[in-house]
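Take a look at the letters that make up each chain.
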Amino acid sequence: MSSKRRRSDPESRVGGKRQLKHQELAELNPLLLEAKERVSEAWSRGLEYSHEKGLLVDIQPFTHCVISNFIQSQTFLEGLQNELLKLNFHEKSNDLYKFKQSDDLRKKKGYHIPSLRKVLFEDFRTWLSDILGIKLESTVDLSCAKYEYTDVLLCHDDELEGRRIAFILYLVPEWGAGDGGTLDLYDADEHNQPQQIAKSLTPSWNTLVFFEVSPVSHHQVSEILSEEKCRLSVSGWFHGPSLARPPRYIESLSPRNPHIASDEEILYDWINPIYLDVSTQVHIQDEFEEKSEILLKNFFKNEKFELVCEALHSPEIKWKRRGPANKRSYDQAEEDGLPDILAKYNNDEDEQEDELEESDGHEHACSSTEKGNKSDLTEDDQRKEGDKIGPNKVEMPGESPKNPSVPVCRGELRHWKNGHYTLIHDTNVENSEFALDLLLYCGCEDWNDEFGGITSYIAKGEDEELLTLCPEDNSLALIYRDKETLKFVKHINQRSNSQCKKTHEKRGFWDFSFVYYE
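No experiment lies behind these values; they were computed from the predicted model shown.

*Asks:* I'd like a description of the overall build of the protein chain, backed by residues and values.
*Replies:* When helices and strands are counted, the protein chain shows ten helices and 25 strands. Counting across all 518 residues of the protein chain, residues that qualify as buried make up 50%. Restricting the contact set of the protein chain to residue pairs at least 6 apart, pairs at least 24 apart contribute 79%. With the model as given, the accessible surface of the protein chain reaches about 26000 Å², and the carbon-plus-sulfur share is 46%.

*Asks:* Just give me the short version of the layout of surface pockets, but keep the residues and values in it.
*Replies:* Empty space within the second largest pocket amounts to approximately 1300 Å³. Taken together, 48 residues form the lining of the second largest pocket, with Ser254, Gln332, Arg410, Gly411 and Glu412 sitting closest to its centre. The set of elements that each furnish at least two residues to the lining of the second largest pocket consists of β14 (257–258), β16 (319–322), β17 (328–333), α9 (340–356), β18 (408–416), β20 (435–442), β24 (485–489) and β25 (509–517). No other element matches the six residues that β18 contributes to the lining of the second largest pocket. Its residues assigned to classes, the lining of the second largest pocket comprises 18 nonpolar, 14 polar and 16 charged.

*Asks:* Give me the lowdown on the sheet that holds strand β22 (residues 465–469), citing residues and values where you can.
*Replies:* Judged by pairing direction, the sheet is antiparallel, and its three strands sit side by side in the order β22-β21-β24 without closing on themselves. In the strand order of this sheet, the two ends are held by β22 and β24, each with one partner. Strand-to-strand twist across the sheet, computed as the mean angle between neighbouring axes with direction ignored, equals 20°.

*Asks:* Describe in detail the nonpolar core, supporting the description with residues and values.
*Replies:* Counting residues in hydrophobic clusters, the biggest one holds 47 residues, and the most contacted among them are Phe70, Leu84, Phe124 and Phe210. In terms of residue count, the dominant contributor to this core is helix α5 (residues 112–132) (ten residues). Apart from residues lying up to four places away in sequence, Phe124 is in contact with Leu28, Leu32, Ile67, Phe70, Val119, Leu208, Phe210 and Phe238. Residues Cys309, Cys409, Leu413 and Leu438 belong to the second largest nonpolar core, which totals 34 residues.

*Asks:* So what's going on with the pattern of salt bridges? Residues and values would help.
*Replies:* In total, this model carries 26 salt bridges according to the counting rule given. Taking the shortest distance from any N to any O, the salt bridge between Glu212 and Arg164 comes out at 3.0 Å. Of the two residues, Glu212 sits in strand β11 (residues 207–212) while Arg164 sits in strand β8 (residues 163–170), which places them 48 residues apart along the sequence. On the basis of relative accessible area, Glu212 is assigned to the partly exposed category, the value being 23%. Overlapping salt bridges, with partners in common, bring together Arg322, Glu412, Arg414 and Asp511 in one network.

*Asks:* I'd like a rundown of the packing of helix α3 (residues 36–45) against α5, residues and numbers included.
*Replies:* As a packed pair, α3 and α5 sit with axes 8 Å apart at the nearest point and diverge in direction by 50°. Viewed along their axes, α3 and α5 adopt a mutual orientation that is oblique. Across the interface between the two elements, Lys36, Val39, Ser40 and Trp43 from α3 touch Trp127, Asp130, Ile131 and Leu132 from α5. Considered class by class, the residues forming the contact of α3 with α5 number five nonpolar, one polar and two charged.

*Asks:* Provide a residue-level description of the packing of aromatic side chains, including the pertinent values.
*Replies:* For the structure on display, the rule yields 18 aromatic pairs. Between Phe124 and Trp127, the aromatic rings sit 5.8 Å apart at their centres with planes inclined by 15°, giving stacked as the arrangement. Separated by three residues within a single helix, Phe124 and Trp127 lie in helix α5, roughly one turn from each other. Since its relative accessible area comes to 0%, Phe124 is described here as buried. Under the relative-accessibility criterion, Trp127 is labelled buried at 3%. Plain terms: the ring middles of Trp447 and Phe509 are 4.9 Å apart, the flat faces sit at 80° to each other, and that makes the pair edge-to-face. With Trp447 in the loop between β20 and β21 (455–459) and Phe509 in strand β25, this residue pair connects regions lying 62 residues apart in the sequence.

*Asks:* Which residues make up the packing of helix α4 (residues 74–85) against α5, and what values go with them?
*Replies:* Packing of α4 against α5 leaves a shortest axis separation of 9 Å and a crossing angle of 115°. Contacts between α4 and α5 involve Phe76, Gly79, Leu80, Glu83 and Leu84 from the former and His112, Ile113, Pro114, Ser115 and Leu116 from the latter. Looking at the contact of α4 with α5 residue by residue, the class counts come to six nonpolar, three polar and one charged.

*Asks:* Which residues make up unusual backbone geometry, and what are the values?
*Replies:* Residues other than glycine predominantly adopt negative phi, and peptide bonds predominantly adopt the trans conformation. Looking along the chain, the bond that leaves Gln60 and enters Pro61 is cis, with omega of -5°. Structurally, the position occupied by Pro61 is in the loop between β2 (55–58) and β3 (64–67). Residue Pro324 is bonded to the preceding Gly323 through a cis peptide linkage, with omega at 0°. We note that Ser292 has phi near 65°; this positive angle belongs to a residue other than glycine. For Ser292, the position within the fold is in the loop between α7 (278–291) and β15 (293–296). You can call Ser292 buried: its relative accessible area is 0%.

*Asks:* Account for the pairing of strand β23 (residues 476–481), naming residues and giving values.
*Replies:* With six of six residues buried, β23 lies mostly within the body of the structure. Side chains Leu476, Leu478 and Tyr480 project from β23 onto one buried face, and the interleaved Ala477, Ile479 and Arg481 project onto a second face that is buried too. Across four bridges, the pairing between β15 and β23 is antiparallel. Note on β23: the bridge partner recorded for Leu296 is Leu476. One ladder, built from six bridges, connects β20 with β23; its direction is antiparallel. When the sheet's bridge partners are listed, Leu440 is paired in β23 with Leu476.

*Asks:* Describe the side chain of Asp179, listing the residues and the values that go with them.
*Replies:* Note on placement: Asp179 falls in the loop between β8 and β9 (183–188). Given a relative accessible area of 13%, Asp179 falls into the buried group. Beyond its immediate chain neighbours, meaning those up to four positions away, Asp179 contacts Glu174, Glu223, Ile224, Leu225, Ser226 and Lys229.

Cut-offs used in this document
Residues numbered from 1 in each chain as written. Predicted model: local features only at pLDDT ≥ 70, side-chain atom pairs only at ≥ 80, totals over all residues. Heavy atoms only, no water. Helix = DSSP H or I, 4+ residues; strand = E, 2+ residues; numbered from the N terminus. Buried < 20%, exposed > 50% of the residue type's maximum accessible area, 1.4 Å probe, protein only. Contact = heavy atoms within 4.5 Å. Areas by Shrake-Rupley, 256 points an atom, 1.4 Å probe, with all protein chains shown as cover. 1 Å grid on protein atoms, 1.4 Å probe; cavity = no way out; pocket = protein on both sides within 12 Å on 5 of 7 lines; lining within 4 Å. Points joined across faces, edges and corners; volume = space filled by probe spheres on them. Nonpolar A, V, L, I, M, F, W, Y, C, P; charged D, E, K, R; others polar. Pairing = 2+ DSSP bridges. Axes fitted to C-alpha atoms, helices over the stretch in contact; angles between N-to-C directions. Core = buried A, V, L, I, M, F, W, Y, C linked by side-chain atoms within 4.5 Å. Salt bridge = Lys/Arg side-chain N within 4 Å of Asp/Glu carboxyl O. Parallel < 35°, antiparallel > 145°, perpendicular 65-115°, else oblique. Phe/Tyr/Trp six-rings, centres within 6.5 Å; stacked < 30°, edge-to-face > 60°.

Given below as structure tokens:
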């Protein structure tokens, strides 16, 4: 009998050190070293530069660089993609974005992620430091993001203390502009505010984009339109010495007009009779005082509401886009050209508010402090009492018969559709006042909250929603908010483009938005 002992194959040891030696290494495209001096010159002098092998420096609308085939080994990239997809992703959703994100990758174990980290944190960081002529810190923010159908990251500039360079490495399947998810770059006006999308970069496999974070580096990730594809990327920021930044631009306040009551006979022509009943009004007042918000359904008579909805489709209405994109995007009707019934309708809103908002000494919308009744105090006493307890307890000024005042308001007719939204931003001084919001919705039959377009209220510095308001036809919403309560309208996504059963048009809606101040 004879036998041969089978020798073990050192290369087949799963997880052994020998196997790692035969793994494909993460190495930068040698083109970066080859073109280093030309890229540095172009970056420092604000010039364009392109290399036929896939490297581009462009200065419009702000300086950025696109590097194709960033990592040499395709085998490594495929392993990296598989490793990334196994990570634990968290749903991220607020006024600015909706997508899935991993934890910080700086301490993730494995083979491919640590190898990518080494390339980015060492080789690429050294290359960038030489290009920019500044010393970048060893600390680098790094995470993985998954964008899927209807996910989006709206217009922002990435500015945060210490951030110097933003970068994105794409690991996507074959991708076209029709799939959405483009990196859109905005040009800016004299106030460093974004204007129009000047350039859109379509993601492609193993392509890295980087740009310097600045007051004009406004960009967005457009909504994902593909229902099958996943936009996978690794992104983050290199940190370095902080730059001097110009003061943030503060928009001028919107015009405000004094509240002027109309003939109350108009109420009987327009409003659902149930809301003119005294007992109903008492119930509404009690509920509003308790909760600081209320929704009145079927608010107008059906025949009047139908006339308004018909007028909203008039081609005579002149719509203008409200921006800038880092704060809002929706269509606003100009007063010139409004059909008579809509112009009349706008004026009647004052009367509705006058009839319904007679509450005294109620708590602010979304306030978390305990309730109290100080209706017998003067306005000055109320303010002093509020200062003792905290900003959330200041009662509505001007309500006491001892100290009557005339409220002022600003209002607009807005049209909402796919791609529209509003954002919370630090420079909105109007968010720092006590206010009563009035919203009346039109043309939103069967609107689904999955479409977006929801008005969301949150406490300043928090992400948790305190109140959400989904558009509902012929419903009037009243919300009283304090200085610590912020609001935004969620991005309206691709799902809203299904046809409305009644009009056979792509879905959208209108609202009459009024804000009252004292």
